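Remarks on the overall topology
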Amino acid sequence: KQRGVGNFEQCAKLAQQVPNTDKLHNQARSLAIQCRLDPAKELDKEGQRPQAIQVLAAIPQGDPAYTAAQELLGQWSDALLADANRAYQGGNLEQAQTLVAAIPQTSPSYQLAQDALASWRTESESNQATLNQARQAFNEQRWSDVVALAQQIRLNGQPIPEDSDYYRQNIAPL
């Protein structure tokens, strides 16, 4: 009954009070684990995955819910990295950085996310320099240089699709 009303801590405490010798011990242990995970799951349902990940990351290693929390943390970190990649593909490096920052160091995705972010930053700096050169060429009416420079701009090493926001905001005006 405690679990359904959002009283997660009380639920977990009550479930952990069932003695090891009781025939309901395994069910109670399973309930205690769910009670520990429910606050994070609730945050995730509300679209607050970074905060949900913080809740999971705070579950200590000795806690019965630790293994399940680490599994969820890994899945949600992978999803955050995919969201960050989509944000970057859309030309929003700032949002991508925010999403990557929510991936804890304990996540298996952490290093991959850090490597991706470093690559995105390098590519973004290169793109900005190329865009500046293209704008200068545009102002000087060097049209073939504008086209050649615009074609050098990449996101994740790929040409920019003409139907993307990044293309419309940065390349199309040239």
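Scope of this entry: the structure provided in the associated data block. As the structure is a prediction and not an experimental result, all values here were calculated from the model. (Residues numbered from 1 in each chain as written. Predicted model: local features only at pLDDT ≥ 70, side-chain atom pairs only at ≥ 80, totals over all residues. Heavy atoms only, no water.)

Topic: the side chain of Ser77
Note on placement: Ser77 falls in helix H4 (residues 66-89). From its side chain, Ser77 meets the backbone oxygen of Leu73 in a polar contact 2.7 Å long. (Helix = DSSP H or I, 4+ residues; strand = E, 2+ residues; numbered from the N terminus. Polar contact = N/O pair within 3.5 Å; in protein donor to acceptor, adjacent residues only side chain to side chain.)

Observations concerning the layout of surface pockets
If you add up the space inside the largest pocket, you get close to 210 Å³. In terms of lining, the largest pocket is formed by Val147, Ala150, Gln151, Ile153, Arg154, Pro159, Ile160, Glu162, Tyr167, Ile171, Ala172 and Leu174. Of all the secondary-structure elements, those providing two or more residues to the lining of the largest pocket are helix H7 (143-152) and helix H8 (165-171). When grouped by side-chain class, the residues that make up the lining of the largest pocket number nine nonpolar, one polar and two charged. (1 Å grid on protein atoms, 1.4 Å probe; cavity = no way out; pocket = protein on both sides within 12 Å on 5 of 7 lines; lining within 4 Å. Points joined across faces, edges and corners; volume = space filled by probe spheres on them. Nonpolar A, V, L, I, M, F, W, Y, C, P; charged D, E, K, R; others polar.)

Comments concerning the packing of helix H3 (residues 49-57) against H4
Two measures define how a pair of helices packs: the angle their axes make with one another and the distance between the axes. Two elements in contact, H3 and H4, have axes whose closest approach is 9 Å; the angle formed by their N-to-C orientations is 150°. The angle between H3 and H4 falls in the class roughly antiparallel. The interaxial crossing formed by H3 with H4 has left-handed handedness. For the pair H3 and H4, the contacting residues are Arg49, Pro50, Ala52, Ile53, Leu56 and Ala57 in the first and Ala69, Leu72, Leu73, Trp76, Ser77, Ala79 and Leu80 in the second. Grouping the amino acids of the contact of H3 with H4 by side-chain chemistry returns eleven nonpolar, one polar and one charged. (Axes fitted to C-alpha atoms, helices over the stretch in contact; angles between N-to-C directions. Parallel < 35°, antiparallel > 145°, perpendicular 65-115°, else oblique. Left-handed = near helix turned anticlockwise from the far one by under 90°. Contact = heavy atoms within 4.5 Å.)

Topic: the pattern of salt bridges
Per the counting criterion, the structure on display carries six salt bridges. Among the salt bridges present, the one from Arg36 reaches Asp63, with a minimum N-O distance of 2.9 Å. Taken together, the residues Arg36 in helix H2 (residues 25-45) and Asp63 in the loop between H3 and H4 connect sequence positions 27 residues apart. Note on accessibility: Arg36 and Asp63 belong to one class, buried. Of the charged contacts in the structure, one is a salt bridge between Arg86 and Asp83, with a shortest N-O distance of 2.3 Å. Note that Arg86 and Asp83 are positioned in helix H4 at a spacing of three residues, about one turn of the helix. Accessibility expressed as a relative area gives 53% for Arg86, which makes it exposed. Note on Asp83: relative accessible area 28%, which makes it partly exposed. Beyond isolated ion pairs, a larger network of salt bridges with shared partners links Glu140, Arg142 and Asp145. (Salt bridge = Lys/Arg side-chain N within 4 Å of Asp/Glu carboxyl O. Buried < 20%, exposed > 50% of the residue type's maximum accessible area, 1.4 Å probe, protein only.)

Everything listed is a geometric property; what it means functionally is a separate question.
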